[in-house]
Amino acid sequence: MCTTTIEMVSYRLKAGVSIAELRATHAGVNAFCLAQPGFLYRSVSQDEHQTWFDLVYWKTMDDANAAGEAFMQNSAGQVLASLIDNNTMQMRHMLEDAQAYPQMLAIYASQVSDETEPL
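Keep in mind the model is a prediction, meaning the values are calculated, not measured.

### Details of the pattern of salt bridges
Line of reasoning, step 1. Inspection of the entire model under this criterion finds one salt bridge.
Line of reasoning, step 2. Across the pair R42 and D54 runs a salt bridge whose closest N-O atoms are separated by 2.7 Å. Taken together, the positions of R42 in strand β2 (residues 39–46) and D54 in strand β3 (residues 52–58) put the pair 12 residues apart, joining distant regions of the chain.
Line of reasoning, step 3. A relative accessible area of 7% means that R42 is categorised as buried.

Set out below in structure tokens:
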């Protein structure tokens, strides 16, 4: 049985908040995630409707839940939360059914260049 947990948070930004302001939170949120037990991977994307998707992969559901509790106590979490329109925010936790993670890492490692920009 797979225990890898995917946390998906979708949201829109508050009126008047710029994409640059959101992007300025990435380093702090990434640092928070990297310090949490069970953290595997994070990505942030936006769709054509200006909805943002923050996907975080955790080793277990317990890891995801513990990080979620700590996140709102952390300054990086508080800054990010202050930019989000709470009426649009949705959070889901899902157990992964299948993965190609080791293969993805190998492919990514062979394609990374100095021009690749981290979150």
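### Focus on the pairing of strand β1 (residues 5–11)
Line of reasoning, step 1. With seven of seven residues buried, β1 lies mostly within the body of the structure.
Line of reasoning, step 2. Residues T5, E7, V9 and Y11 line one face of β1 and the alternating positions I6, M8 and S10 line the opposite face, and both faces are buried.
Line of reasoning, step 3. The sheet contact formed by β1 and β3 spans seven bridges and is antiparallel. Pairing of S10 across the sheet is with F53, part of β3.
Line of reasoning, step 4. Here β1 runs beside strand β4 (residues 90–95); their pairing, made up of six bridges, is antiparallel. Each bridged residue has a counterpart across the sheet, and for I6 the counterpart in β4 is M94.

### Concerning the sheet that holds β3
Line of reasoning, step 1. Ordered by their spatial adjacency, four strands build an open sheet running β2-β3-β1-β4, and the pairing between neighbours is antiparallel. On the outer flanks of this sheet lie β2 and β4, each paired with one strand and no other. Strand-to-strand twist across the sheet, computed as the mean angle between neighbouring axes with direction ignored, equals 15°.
Line of reasoning, step 2. Most of the contacts of helix α3 (residues 61–71) go to β4, to which it runs at about 160°, and overall it touches β1, β3 and β4.

### Details of the state of the cysteines
Line of reasoning, step 1. Counting across every chain of the model gives zero disulfides.
Line of reasoning, step 2. Between C33, a free cysteine, and C2, which holds the nearest cysteine sulfur, the sulfur-to-sulfur gap is 19 Å.

### Quick word on a nonpolar patch on the surface
Line of reasoning, step 1. Residues M104, L105 and Y108 make up a contiguous nonpolar surface patch of roughly 270 Å² in combined accessible area.
Line of reasoning, step 2. Relative to the helices and strands, Y108 is located in helix α5 (residues 101–111).
Line of reasoning, step 3. Classification of Y108 by relative accessible area gives partly exposed; the value is 45%.

### Describing the layout of surface pockets
Line of reasoning, step 1. Here the second largest pocket defines a volume of roughly 360 Å³.
Line of reasoning, step 2. In this structure, the second largest pocket is lined by 21 residues; those nearest its centre are V9, F71, M72, L80 and M91.
Line of reasoning, step 3. At the level of secondary structure, the elements contributing two or more residues to the lining of the second largest pocket comprise β1, α2 (26–34), β3, α3 and α4 (75–83).

### Notes on the packing of aromatic side chains
Given two aromatic rings, their pairing is described by the distance between the two centres and the angle made by the two planes.
Line of reasoning, step 1. The tally for this structure, following the rule as stated, stands at three aromatic pairs.
Line of reasoning, step 2. Relative to W58, the ring of F39 has its centre 5.6 Å away and its plane inclined at 70°; by these criteria the two rings are edge-to-face. Note that F39 is positioned in strand β2 and W58 in strand β3, a separation of 19 residues in sequence.
Line of reasoning, step 3. Residues Y41 and Y57 carry aromatic rings whose centres are separated by 6.0 Å and whose planes lie at 65° to one another, so their mutual orientation is edge-to-face. One end of the pair, Y41, is in strand β2; the other, Y57, is in strand β3, and 16 residues separate them in sequence.
Line of reasoning, step 4. Under the relative-accessibility criterion, Y41 is labelled partly exposed at 38%.

Calculation criteria
- Residues numbered from 1 in each chain as written.
- Predicted model: local features only at pLDDT ≥ 70, side-chain atom pairs only at ≥ 80, totals over all residues.
- Heavy atoms only, no water.
- Salt bridge = Lys/Arg side-chain N within 4 Å of Asp/Glu carboxyl O.
- Helix = DSSP H or I, 4+ residues; strand = E, 2+ residues; numbered from the N terminus.
- Buried < 20%, exposed > 50% of the residue type's maximum accessible area, 1.4 Å probe, protein only.
- Pairing = 2+ DSSP bridges.
- Axes fitted to C-alpha atoms, helices over the stretch in contact; angles between N-to-C directions.
- Contact = heavy atoms within 4.5 Å.
- Disulfide = S-S within 2.5 Å.
- Patch = residues over 30% accessible without salt bridge, like charges linked within 9 Å, V, L, I, M, F, W, Y side chains within 5 Å.
- Areas by Shrake-Rupley, 256 points an atom, 1.4 Å probe, with all protein chains shown as cover.
- 1 Å grid on protein atoms, 1.4 Å probe; cavity = no way out; pocket = protein on both sides within 12 Å on 5 of 7 lines; lining within 4 Å.
- Points joined across faces, edges and corners; volume = space filled by probe spheres on them.
- Phe/Tyr/Trp six-rings, centres within 6.5 Å; stacked < 30°, edge-to-face > 60°.

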